[in-house]
Each structure stands twice: as C-alpha cells, then as structure tokens.
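# Observations on the model geometry
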Amino acid sequence: MKILVTGGAGFIGGNFVHYMVNKYPEDMIVNLDLLTYAGNLETLKPVEDKPNYKFVRGDIADRRFVFDLFEKEKFDVVINFAAESHVDRSIKNPEIFVQTNVLGTTTLLDAANAFGVKRYHQVSTDEVYGDLPLDRPDLFFTEETPLHTSSPYSSSKASADLFVMAYHRTFGTPVTISRCSNNYGPYQFPEKFIPLIISRAMNDEKIPVYGEGLNVRDWLHVYDHCVAIDLIVRNGKVGEVYNVGGHNERTNMQIVETVLSALGKPLSLIEHVADRKGHDRRYAIDPAKITRELGWQPKYSFDTGIPMTIDWYLQNKEWWENIISGEYQQYFEKMYGDRL
Ligand code: NAD
Ligand code: DAU
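Below you will find a few notes about this structure.

## Let's talk about the overall build of the chain
A count of helical and extended segments in the chain gives 12 helices and 13 strands. The C-alpha atoms of the chain give 19 Å as radius of gyration, which agrees with the globular expectation for 340 residues (20 Å, within 12%). Judged by the C-alpha coordinates and their principal axes, the chain covers about 55 × 50 × 35 Å. Taking all 340 residues of the chain together, the buried fraction comes to 57%.

In structure tokens form, the structure reads like this:
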C-alpha cells in the first residue's frame with residue numbers, strides 16, 4: 001500500500017510515521033508536511049534513510065500542488081494529521097486555522113475523490129465536543145455527543161469533521177474519523193503543556209499555570225493513539241467516528257506537581273497566570289466503541305507513560321533545545337538546500 005501521511009513532521013504524525021515505517025516495511029509511507037513552526041525534520045532522523053519512507057514539502061491547502069502529488073503518487077490511503085494544533089495560537093490568529101484545518105481538509109478530500117483513494121482518515125480531536133462540567137465526573141464524550149466547540153481551533157477541527165462526513169454522504173468518499181484526547185510522549189513541541197513544564201523546569205524557569213489549574217484533561221500516550229489510528233484505517237467501518245482515550249484524567253495542577261516531583265524541582269516554580277480565554281473545563285473520552293468493535297486497549301496508563309516521557313526529554317535535550325533556540329528551522333536548508 002502507498003500511504004500519504006500529512007503533518008508527519010509534527011508530534012503525533014512524526015510518531016505515527018516511525019510506527020508505520022517500522023511496522024510495515026512492505027508499505028510505502030509518504031510524509032507531506034509544510035514545515036511550519038511546528039514541523040521538525042529532526043524528528044524523522046531515525047527513519048529518513050529507510051527505503052519505504054519519503055518526505056515531500058508542501059501545503060495541504062495548495063490545490064494544484066496536492067492534485068499533482070496525488071496524480072504522481074497514486075495513494076491508496078490518506079491519513080490527515082496536518083493542522084494548526086495550538087489553542088492559544090488560534091485565539092491570537094484564527095485565520096490560519098481556517099486555511100489549514102478547513103481548506104486543507106477539503107483540498108485533500110477533493111484529491112482523494114479525484115484519484116480514487118480507498119480510505120481517507122481524518123485525525124480529529126475530542127475538543128470538537130466542547131467541554132464537560134467539573135462537578136459531573138459521570139459524564140463522558142461519546143461519538144453521539146453533539147459538536148459544541150469553544151475555541152477557533154476546535155471550531156476549525158469540527159468544521160473539517162463536518163466536511164469529511166458530508167463528502168462521505170454526498171460523494172461516497174470512504175472516510176473514517178478518530179477523535180482523541182490529549183496526547184503526550186516523545187517529540188511534542190514545547191509550547192504544549194507537558195513538554196513546556198519539563199523544558200522550563202529543567203532550566204529552573206517559572207511554569208505558567210492558567211487560572212487555578214483545576215481544568216481537567218484526559219491524557220493518552222501518543223503510541224496508543226498511533227495504534228488506534230492504524231486499527232481504524234485497517235479494520236474500521238467506513239463512515240464511522242471512533243473516540244480514542246484511556247481514562248487518565250488529571251487536573252493541570254496534578255500534572256505540574258507530578259512532573260516537578262519526578263524532576264526533583266520545587267513547587268515554587270509554579271506561577272499562576274491569567275486564564276486562557278474560553279478555557280475548556282474538562283475533557284473525558286468514553287472509548288467503549290473502539291474497544292468493542294476493534295479490540296483497541298491502551299498499552300500505557302498515565303502512571304507508566306509519564307516517567308518514560310520525562311526520561312525521553314532528559315535523554316533528548318538537544319531535540320527540544322534546538323527548538324527553543326530556533327536552530328531546528330535551519331535543518332531543512334542544511335539537509336535539502338543543495339538538492340532543491
Ligand atoms: P503539531 O502542531 O505538532 O504538528 C502539525 C504538523 O502539521 C506540523 O508538522 C506542521 O508543519 C504541519 N502542517 C501545518 N500546516 C500544514 C499545511 N498547511 N500543510 C502541510 N503540513 C502542515 O500537531 P500534533 O499535536 O501532532 O497534532 C496532529 C493532529 O492531531 C492535528 O490534526 C490535531 O488536531 C490532532 N490531535 C492532536 C492532539 C494532541 O494532543 N496534540 C490530540 C487529538 C488530536
Ligand atoms: O484534547 C486534545 C487537544 O489537546 C488537541 O486537539 C490539541 O491539538 C492539543 O493542543 C491539546 O489541547 P489543550 O489546549 O488541552 O493542550 P495544551 O497543552 O495547550 O494545554 C493543556 C492544559 O494546560 C489546558 O487546560 C491549558 C493548560 N495550560 C497550557 C499551557 C500551554 C497551562 O495551564 N499553561 C500553559 O502554559
């Protein structure tokens with residue numbers, strides 16, 4: 001099979017490329033990524049020389065480029081990770097979220113239709129369901145929970161999901177959607193909460209906690225998300241949505257305290273700052289459908305995944321230090337400059 005993975009130079013897409021290239025040597029994985037601030041080819045170093053892997057730089061919203069690529073490569077499967085993914089950035093500058101997350105998705109869907117792709121998978125998020133109240137721990141997001149978004153980011157992801165389902169109904173496009181909870185693990189850009197805490201704590205810098213830090217997220221190790229997507233693409237039913245999550249709810253304060261204590265750093269590094277606008281209170285996924293229909297079970301709990309992840313950031317200091325210093329943005333030029 002020839003599989004197009006978009007956004008494979010980012011956090012989850014990068015982990016997914018590693019997983020697929022190693023697990024399926026008979027498949028060809030083409031990684032299409034624009035290399036925005038969030039894309040980092042250093043993440044792909046362990047696979048860049050493998051014969052079943054290829055990188056292409058480009059924009060999923062650039063129609064001519066995308067159609068030319070699909071015509072040339074004749075993909076069997078498309079898995080769309082590419083997105084603007086950070087809520088705080090969407091509050092500062094919503095427009096690029098519409099451009100990439102909505103227009104990029106419809107461009108890929110059009111190309112998938114035009115070139116007869118056998119499966120289009122959309123990597124979506126639990127944020128499309130909005131949030132749950134803090135005083136109702138009995139409530140969870142199911143696939144039937146109505147879309148009810150809070151931020152420009154989640155609104156753009158929900159819009160994309162609506163287009164994916166509309167293409168299935170109108171044109172018969174063979175689609176699936178996964179909606180996963182918060183991921184953590186190797187290669188996550190240090191603007192996101194867990195790598196932000198680790199990198200700042202290691203430099204004895206203050207850790208900004210929004211508001212009182214009582215908001216709850218449902219944390220899943222990125223490896224378990226990759227396994228879920230692979231299962232959905234191979235065995236999931238066309239036209240279906242699958243929620244992905246492992247029942248690992250923690251308040252933000254619990255997260256900071258866990259990480260600081262693992263690093264042997266004082267709680268005095270915590271600094272409460274102004275809250276995020278429209279801050280979602282609680283996310284919590286009910287993964288019963290993917291467990292029942294596809295047999296998916298997470299391998300890691302938060303308690304086993306987080307020490308491993310902290311250790312990865314300690315062992316791979318150069319990876320995130322290059323990001324903080326801006327060095328990683330030179331990587332493409334250094335590696336590819338004389339080949340262009
Ligand atoms: P990320 O920001 O780390 O990576 C996004 C990647 O997309 C980057 O490599 C970037 O260069 C690329 N990209 C951005 N715009 C592009 C464009 N126009 N054309 C081609 N490539 C482009 O994001 P992530 O955290 O890895 O998230 C990946 C996907 O998973 C997103 O769709 C996100 O909505 C979804 N998701 C994320 C989480 C999470 O916790 N991080 C949870 C559930 C779902
Ligand atoms: O739920 C899935 C979503 O999880 C994905 O769709 C998004 O792409 C991903 O970014 C993530 O969104 P969150 O907004 O939940 O993640 P973030 O890491 O930005 O924040 C996690 C929590 O920590 C949230 O309640 C806000 C808080 N926070 C975050 C930052 C960056 C802080 O208190 N301080 C911070 O500096």
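Next, the rest of the story.
## Re the site of ligand 2
As a matter of local geometry, ligand 2 sits amid 22 residues, with D126, Y153, N182, R276 and H279 nearest to it. Separating an oxygen atom of ligand 2 from a backbone N or O atom of S85 is a distance of 2.8 Å. Between ligand 2 and F193 there is a distance of 2.9 Å, counted from an oxygen atom to a backbone nitrogen or oxygen. Isolated, ligand 2 exposes 690 Å² of accessible area, and the fraction of that covered by the protein chains is 94%. When residues of the shell around ligand 2 are assigned to their parent elements, the largest contribution, three residues, is made by strand β8 (residues 207-210).

## Concerning the nonpolar core
Soluble globular proteins tend to bury their nonpolar side chains together. Membership of the largest hydrophobic core comes to 36 residues, with the highest contact counts inside it found for F16, V17, I79, F81 and I290. Elements supplying a minimum of two residues to this core: β1 (2-6), α1 (11-23), β3 (53-57), β4 (77-80), α7 (222-235), β11 (241-244) and α9 (288-294). In contact with I79, not counting residues within four places along its chain, are I3, L4, V5, T6, F16, H121, V123, I229 and V233. I60, Y129, L132 and F141 belong to the second largest nonpolar core, which has 30 residues in total.

## Examining the site of ligand 1
Around ligand 1, a shell composed of 29 residues is seen, among which I12, D33, S85, Y153 and K157 lie nearest. The separation between an oxygen atom of ligand 1 and a polar main-chain atom of F11 is 3.0 Å. Across the complex, the protein chains shield 97% of the 830 Å² of accessible surface that ligand 1 would expose by itself. Those elements giving two or more residues to the shell around ligand 1 turn out to be α1, β5 (119-125) and α5 (152-171).

## Details of the pattern of salt bridges
All chains considered together, the criterion is met by 20 salt bridges. For E191, the salt bridge identified is with R89, shortest N-O distance 2.7 Å. Taken together, the residues E191 in the loop between β7 (183-184) and α6 (193-202) and R89 in helix α3 (residues 87-92) connect sequence positions 102 residues apart. E321 serves as the salt-bridge partner of K317, at 3.5 Å between the closest nitrogen and oxygen. Pair noted here: K317 and E321 are both in helix α11 (residues 317-325), with a separation of four residues, about one helical turn. Relative accessible area serves as the criterion here: at 33%, K317 is assigned to the partly exposed category. The structure contains a network of salt bridges with shared partners spanning K2, K54, K72 and E73.

## A closer look at the packing of aromatic side chains
Under the criterion given, the structure shown has 16 aromatic pairs. With a centroid separation of 6.3 Å and an interplanar angle of 80°, the aromatic rings of F97 and Y153 are classed as edge-to-face. Placement of the pair is F97 in helix α4 (residues 95-114) and Y153 in helix α5, with a sequence separation of 56 residues. Relative accessible area serves as the criterion here: at 9%, Y153 is assigned to the buried category. Aromatic pair Y167 and F171: ring centres 5.0 Å apart, planes at 65°, arrangement edge-to-face. One end of the pair, Y167, and the other, F171, are both in helix α5, four residues apart, so they sit about a helical turn from each other. For F171, a relative accessible area of 53% puts it in the exposed group. Clustering of aromatic rings is evident, with ring pairs tying together F67, F70, F75 and F115. Taking NZ or CZ as reference, R234 lies 3.6 Å from the ring centre of Y24, over its face.

## Some thoughts on α6
Across the 10 residues of α6, eight count as buried, placing the element largely inside the fold. Every buried residue of α6 is accounted for by F193, I194, P195, L196, I197, I198, S199 and A201. Elements in contact with the buried residues of α6: β7, β8, α8 (252-263), α10 (302-315) and α11. Remark: D204 follows α6 within two positions and exhibits a positive phi of approximately 55°.

What counts and how
- Residues numbered from 1 in each chain as written.
- Chains lettered and ligands numbered in written order.
- Predicted model: local features only at pLDDT ≥ 70, side-chain atom pairs only at ≥ 80, totals over all residues.
- Heavy atoms only, no water.
- Helix = DSSP H or I, 4+ residues; strand = E, 2+ residues; numbered from the N terminus.
- Rg over C-alpha atoms; globule rule 2.2 N^0.38 Å.
- Buried < 20%, exposed > 50% of the residue type's maximum accessible area, 1.4 Å probe, protein only.
- Near = heavy atom within 4 Å.
- Polar contact = N/O pair within 3.5 Å; in protein donor to acceptor, adjacent residues only side chain to side chain.
- Areas by Shrake-Rupley, 256 points an atom, 1.4 Å probe, with all protein chains shown as cover.
- Core = buried A, V, L, I, M, F, W, Y, C linked by side-chain atoms within 4.5 Å.
- Contact = heavy atoms within 4.5 Å.
- Salt bridge = Lys/Arg side-chain N within 4 Å of Asp/Glu carboxyl O.
- Phe/Tyr/Trp six-rings, centres within 6.5 Å; stacked < 30°, edge-to-face > 60°.
- Lys NZ or Arg CZ within 6 Å of the ring centre and 35° of its normal.

Function cannot be inferred from these measures alone, as they are strictly geometric.
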